[in-house]
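# Architecture at a glance
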Amino acid sequence: MATSTVENYLKAILHLQEGDEVPTVGRIAEELGVTPGTVTTMMRNLSDEGLIDYIPRKGLKLRSSGRAAALRVVRRHRLIELFLVEVMKLDWSEVHEEAEILEHVVSTRLVDRMDEMLGHPTHDPHGDPIPGKDGKLPATSLQALSSAEPGEYRIVRVSDEDSNLLEWLDGKGLQIGESVMLLRPDAVAGMLELKRRSGGTVHLGDAAADSIFVEIIS
Ligand SMILES: [Zn+2]
């Protein structure tokens, strides 16, 4: 089986585990857009290779070697995204798709060089933490804007998967690191209002707010 396929499975399992979800065959199938049967076959292979613990119909989880392999792919993905934005001047809305491909082909040597050129960054352009060379992923406790109470927040992460949302944020000029005051003038309609320090106001719905992550400013 192709390395890229294995890497995508390991990454999907890590993604579910990190999101505090129990990885199941059904959820992995959903994440990767494949049939549950295909996932089951792959889970047996990954288990045979010692990358995951898998008991059919009971559960599955990454073993330490599987987790390390998944984190290496995530490190490549995020460093590539940052390199494409910072060095190659691509827009943050167009780098995820490129990174999805490149993450499977660039060598460790090249990724380490990117890391060095970028000054050993801790976060990618979307605010996701970059796993270290030692395989450590900085812990984060982020809250989705959609579930936040009214108050003052800093935008710290935006999902990299929705390029339309990233373009929309570009259009509004909203950036990672910006502080905003969150108001909920119409909670029933699922509308949020962000008051900016610059004086402007941005309106958005719960769907967009699901993909924007904040930390409270106390
Ligand atoms: Zn990405």
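Since this is a predicted model, take the numbers as computed values, not measurements. (Residues numbered from 1 in each chain as written. Predicted model: local features only at pLDDT ≥ 70, side-chain atom pairs only at ≥ 80, totals over all residues. Heavy atoms only, no water.)

### Quick notes on the pattern of salt bridges
Note on pairing: side chains with opposite charge can pair once their charged atoms come close. Rule in force here: Salt bridges are counted wherever a side-chain nitrogen of Lys or Arg sits within 4 Å of a carboxyl oxygen of Asp or Glu. The way it works is that DSSP assigns letters per residue, a run of H or I at least four long becomes a helix, a run of E at least two long becomes a strand, and they are numbered from the N terminus. Relative accessible area decides the class of each residue, using a 1.4 Å probe on protein chains only: under 20% of the type maximum gives buried, over 50% gives exposed, and in between gives partly exposed.
Applying the stated rule across the entire model yields 18 salt bridges. In this structure, Arg27 engages Glu31 in a salt bridge whose closest nitrogen and oxygen atoms are separated by 3.7 Å. Residue Arg27 and its partner Glu31 are both found in helix 2 (residues 25–32); the two are separated by four residues, about one turn of the helix. By relative accessible area, which is 35% here, Glu31 ends up partly exposed. One salt bridge in this structure joins Glu178 and Arg196, with 2.8 Å as the shortest N-O distance. Placement of Glu178 in the loop between helix 7 (163–172) and strand 5 (179–186) and of Arg196 in strand 6 (residues 191–196) is noted, with a sequence separation of 18 residues between them. Look at Glu178 and you get buried, because its relative accessible area is 18%. The class for Arg196 is buried, based on a relative accessible area of 17%.

### Some points on a negative patch on the surface
Note the following rule: Candidate patch residues must exceed 30% relative accessible area and have no salt bridge, after which like charges are joined if within 9 Å and Val, Leu, Ile, Met, Phe, Trp or Tyr side chains if within 5 Å. Accessible areas in this description were obtained via Shrake-Rupley with a 1.4 Å probe; residue shielding takes into account the shown protein chains only. When charges are counted, Lys and Arg contribute as positive and Asp and Glu as negative, whereas His and the chain ends are disregarded. Charged groups are reduced to one reference atom each: NZ for lysine, CZ for arginine, CG for aspartic acid, CD for glutamic acid.
Taken together, Glu94, Glu97, Glu98, Glu161, Asp162, Glu167 and Asp170 make up a surface patch of like negative charges. Topologically, Glu97 is positioned in helix 5 (residues 95–102).

### Remarks on the domain arrangement of the protein chain
Where the parts come together, the accessible area they lose is often given as the size of the interface. Note the cut-off: Each domain span listed reflects an automatic or database assignment of domains.
Segmenting the protein chain into domains produces domain 1 (3–62), domain 2 (76–137) and domain 3 (143–216). Inter-centroid distance (C-alpha atoms) of domain 1 to domain 3 is 32 Å.

### Looking at the sheet that holds strand 4 (residues 151–158)
To keep things clear, this is the line we draw: A pair of strands is considered paired only if DSSP assigns at least 2 bridges between the two. Any two residues having at least one pair of non-hydrogen atoms within 4.5 Å are treated as being in contact. Note on geometry: axes are lines fitted to C-alpha atoms, helical ones only across the stretch in contact, with angles between N-to-C directions running from 0 to 180 degrees.
Sheet architecture is open: six strands sit in the order 3-8-4-5-6-7, paired in antiparallel fashion. In this open sheet, the two strands that pair with only one neighbour each are strand 3 (143–144) and strand 7 (201–205). Relative to strand 5, strand 4 runs antiparallel, the two sharing four bridges. Bridging across to strand 5, Arg154 finds its partner in Ser179. With respect to the sheet, helix 7 is in contact with strand 4, strand 6, strand 7 and strand 8 (212–216), its orientation differing from that of strand 7 by roughly 160°.

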